[in-house]
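The chain contents come next:
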Amino acid sequence: MESLVKFVQDEFVTRKDLPEFGAGDTITVYYEIKEGSKTRTQFFRGVVIQKRGSGSSETFTIRKMSGSIGVERIFPINLPALQKIEVNKRGKVRRARIYYFRGLTGKKARIKESRH
């Protein structure tokens with residue numbers, strides 16, 4: 001049964017050519033918003049907290065600071081409204097899920113940039 005689900009996902013789900021990114025990277029996600037009959041593009045720029053799942057059910061969480069309030073948003077990889085993803089900075093972290101980043105403020109909330 002699991003192989004059948006995987007086969008259907010591989011065959012019928014359209015793949016977008018998204019760049020490779022991981023936890024600690026600063027990325028900008030451009031996505032479409034429909035307001036009535038109009039559509040506009042909005043972007044969300046922040047640090048990737050985690051990538052979770054595989055195949056068509058893969059999601060990633062981004063955190064940004066809006067003033068002094070932290071805002072997190074979860075995006076599915078196969079979101080139809082997702083237009084593009086830009087990797088702004090590659091971060092050097094030792095973990096795949098950086099939940100500890102939520103508790104950091106100020107200069108402690110900086111992530112070292114990796115050199116590759």
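What comes next concerns the included structure. Values in this document were obtained by computation on a predicted structure and should not be read as measured data. (Residues numbered from 1 in each chain as written. Predicted model: local features only at pLDDT ≥ 70, side-chain atom pairs only at ≥ 80, totals over all residues. Heavy atoms only, no water.)

**Observations concerning the environment of K64**
With respect to the element layout, K64 can be found in strand 3 (residues 59–66). For K64, a relative accessible area of 28% translates into the label partly exposed. In this structure, the C-alpha to C-alpha distance between K64 and A96, residues 32 residues apart in sequence, is 18 Å. Those residues in contact with K64, other than ones at most four positions away along the chain, are F44, R45, G46, I69, G70 and V71. (Helix = DSSP H or I, 4+ residues; strand = E, 2+ residues; numbered from the N terminus. Buried < 20%, exposed > 50% of the residue type's maximum accessible area, 1.4 Å probe, protein only. Contact = heavy atoms within 4.5 Å.)

**Observations concerning the nonpolar core**
With 13 residues, the main nonpolar core has I27, V29, F60, I62, F75 and I85 as its most contacted residues. Counting residues per element, the ones that place at least two in this core are strand 1 (26–35), strand 2 (38–52), strand 3 and strand 5 (82–89). (Core = buried A, V, L, I, M, F, W, Y, C linked by side-chain atoms within 4.5 Å.)

**What about the packing of aromatic side chains?**
Two aromatic rings are characterised by how far apart their centres lie and by the angle between their planes. This model, assessed by the stated rule, comprises five aromatic pairs. Judged by centre distance (5.9 Å) and plane angle (45 degrees), the ring pair of Y30 and F43 falls under tilted. Pair noted here: Y30 is in strand 1 and F43 is in strand 2, with a separation of 13 residues, a long-range link. Each ring, one from F44 and one from F75, has its centre 6.1 Å from the other, and the planes form 65 degrees; the classification is edge-to-face. Taken together, the residues F44 in strand 2 and F75 in strand 4 (residues 69–76) connect sequence positions 31 residues apart. As far as burial versus exposure is concerned, F44 and F75 are alike and both buried. Above the ring of F21, the side-chain terminus of K51 is found at 4.4 Å from the ring centroid. The positively charged end of K84 is found above the aromatic ring belonging to Y30, 4.8 Å away from the centroid. (Phe/Tyr/Trp six-rings, centres within 6.5 Å; stacked < 30°, edge-to-face > 60°. Lys NZ or Arg CZ within 6 Å of the ring centre and 35° of its normal.)

**Regarding the pairing of strand 2**
The pairing of strand 1 with strand 2 spans ten bridges and is antiparallel. When the bridges of strand 2 are listed, T28 appears paired with R45. Across five bridges, the pairing between strand 2 and strand 3 is antiparallel. Across the sheet, residue V48 finds its bridge partner in strand 3, namely I62. Linking strand 2 to strand 3, which pair antiparallel, is a turn of six residues; within it G53 sits at a positive phi near 85 degrees. (Pairing = 2+ DSSP bridges.)

**Section: the pairing of strand 3**
Two strands pair when backbone bridges link them, and strand 3 and strand 4 are joined in this way by eight bridges, in the antiparallel orientation. Residue I62 lies in a different strand from strand 4, and its bridge partner there is R73. Counting the residues in the hairpin turn of strand 3 and strand 4 gives two residues, including G67, whose phi is positive at 75 degrees.

**Description of the sheet that holds strand 5**
Spatially, the five strands line up as an open sheet ordered 4-3-2-1-5, and their pairing is antiparallel. This sheet does not close on itself; its edge strands, each paired only once, are strand 4 and strand 5. Looking at each pair of strands side by side, their axes are set apart by 40 degrees on average, direction ignored. (Axes fitted to C-alpha atoms, helices over the stretch in contact; angles between N-to-C directions.)

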